[in-house]
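# Structural overview for review
This is what each chain is made of:
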Amino acid sequence: MNIIIFGPPGAGKGTQAKHLVKKLDSFQVSTGDMLREEINNDTEIGKKIVSNMNEGKFVDDVIVNKLLEKIIFDPNKVNRLIFDGYPRTISQAKNLDNLLDQSNQKINFVFFLNVEKETIIKRIKKRKILEKRLDDNTDTILKRYDTYMKITKPVLDYYLKNQNFYEVDGSMNKEKIAQKIEEILKV
Ligand code: AMP
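Residues numbered from 1 in each chain as written. Predicted model: local features only at pLDDT ≥ 70, side-chain atom pairs only at ≥ 80, totals over all residues. Heavy atoms only, no water.

## Some words on helix H7 (residues 138-152)
- Relative to the 21 Å expected for 15 residues at 1.5 Å per residue, H7 spans 20 Å between its end C-alpha atoms, a close match to the ideal helical length.
- Buried within H7 are the following residues: Thr 140, Ile 141, Arg 144, Tyr 145, Thr 147, Tyr 148 and Thr 152. For H7, the angular spread of the buried residues around the axis is 165°, confining them to a single face. Exposed residues lying more than 90 degrees from the buried face of H7 are Asp 139 and Lys 150.
- Looking at the buried residues of H7, the elements they touch are strand S1 (3-6), helix H3 (44-54), strand S4 (109-114), helix H6 (117-131) and helix H8 (155-160). (Helix = DSSP H or I, 4+ residues; strand = E, 2+ residues; numbered from the N terminus. Expected span 1.5 Å × (residues − 1). Buried < 20%, exposed > 50% of the residue type's maximum accessible area, 1.4 Å probe, protein only. Arc of directions from axis to C-beta. Contact = heavy atoms within 4.5 Å.)

This is the structure we're talking about:
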């Protein structure tokens with residue numbers, strides 16, 4: 001089963017993805033984590049993307065798509081992917097469909113965690129203290145939210161036609177959200 005967890009920054013995508021990884025013995029595909037790893041390892045990619053990331057801007061599609069390719073074609077991970085933070089643009093959604101087609105896979109479920117802006121700001125401020133993420137300052141949070149509304153939210157239309165699209169109230173606590181998702185997945 002391949003699953004997309006979709007939603008604004010701070011909606012709890014990472015938390016739910018990690019939970020599903022354990023529950024379904026699958027793999028989290030967090031482009032944010034992959035990009036942060038490039039920065040922490042001071043790689044060529046890391047050097048290119050650090051300023052964009054710290055400012056809350058998107059990293060170039062070419063770089064993100066390249067990182068993704070390796071995972072999609074990894075035979076150990078086929079049909080065991082939980083996407084969190086990808087796709088974020090229509091072009092990424094199309095790229096994902098192409099890669100999945102080429103590897104005889106598809107997206108089985110899309111979960112949209114819907115949360116209000118105020119709740120998100122509170123959550124991200126808390127996360128900043130817990131995880132010490134450089135991109136979690138108020139200015140960046142607001143920028144990331146605006147970018148989400150303008151560029152990422154329209155990606156929902158791309159998935160609405162999908163029978164297995166579900167909207168979940170992301171303002172609930174993480175246990176309730178997980179329970180709701182499991183009910184839908186019947187796991
Ligand atoms: P996240 O951990 O998903 O909140 O992502 C943190 C940051 O990484 C984002 O604000 C972007 O700068 C970058 N990023 C993560 N995923 C993507 C993506 N799919 N496309 C472009 N940039 C991304």
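Here the narrative resumes.
## Description of the layout of surface pockets
- The computed volume of the largest pocket comes to approximately 1300 Å³.
- Along its surface, the largest pocket is lined by 49 residues, and Gly 10, Gly 12, Gly 14, Arg 127 and Arg 133 are the ones closest to its centre.
- Only S1, helix H1 (13-24), strand S2 (27-30), helix H2 (31-40), H3, H6, H7 and helix H9 (174-185) provide two or more residues apiece to the lining of the largest pocket.
- Counting residues per element, the lining of the largest pocket draws most heavily on H6, at 6 residues.
- Residues of the lining of the largest pocket, tallied by class, amount to 17 nonpolar, 17 polar and 15 charged.
- The computed volume of the second largest pocket comes to approximately 180 Å³.
- As for the second largest pocket, its lining consists of Arg 36, Ile 39, Asn 40, Val 50, Met 53, Asn 54, Lys 132, Arg 133, Leu 134 and Asp 135.
- Counting residues per element, the ones that place at least two in the lining of the second largest pocket are H2 and H3.
- For the lining of the second largest pocket, the residue count by class is 4 nonpolar, 2 polar and 4 charged. (1 Å grid on protein atoms, 1.4 Å probe; cavity = no way out; pocket = protein on both sides within 12 Å on 5 of 7 lines; lining within 4 Å. Points joined across faces, edges and corners; volume = space filled by probe spheres on them. Nonpolar A, V, L, I, M, F, W, Y, C, P; charged D, E, K, R; others polar.)

## Digging into the nonpolar core
- Ile 4, Leu 35, Leu 68, Ile 72, Phe 83, Leu 96 and Tyr 159 are the most contacted members of the largest nonpolar core, which totals 30 residues.
- Contributions of two or more residues to this core are made by S1, H2, H3, helix H4 (61-72), strand S3 (81-84), helix H5 (90-102), S4 and H8.
- Apart from the residues within four sequence positions on either side, Ile 72 is in contact with Val 78, Leu 81, Phe 83, Leu 96, Leu 99, Leu 100, Ser 103 and Gln 105.
- Ranked by size, the runner-up nonpolar core spans 19 residues in total, among them Ile 3, Leu 20, Ile 82 and Ile 184. (Core = buried A, V, L, I, M, F, W, Y, C linked by side-chain atoms within 4.5 Å.)

Any functional reading would require information beyond the geometric quantities listed.
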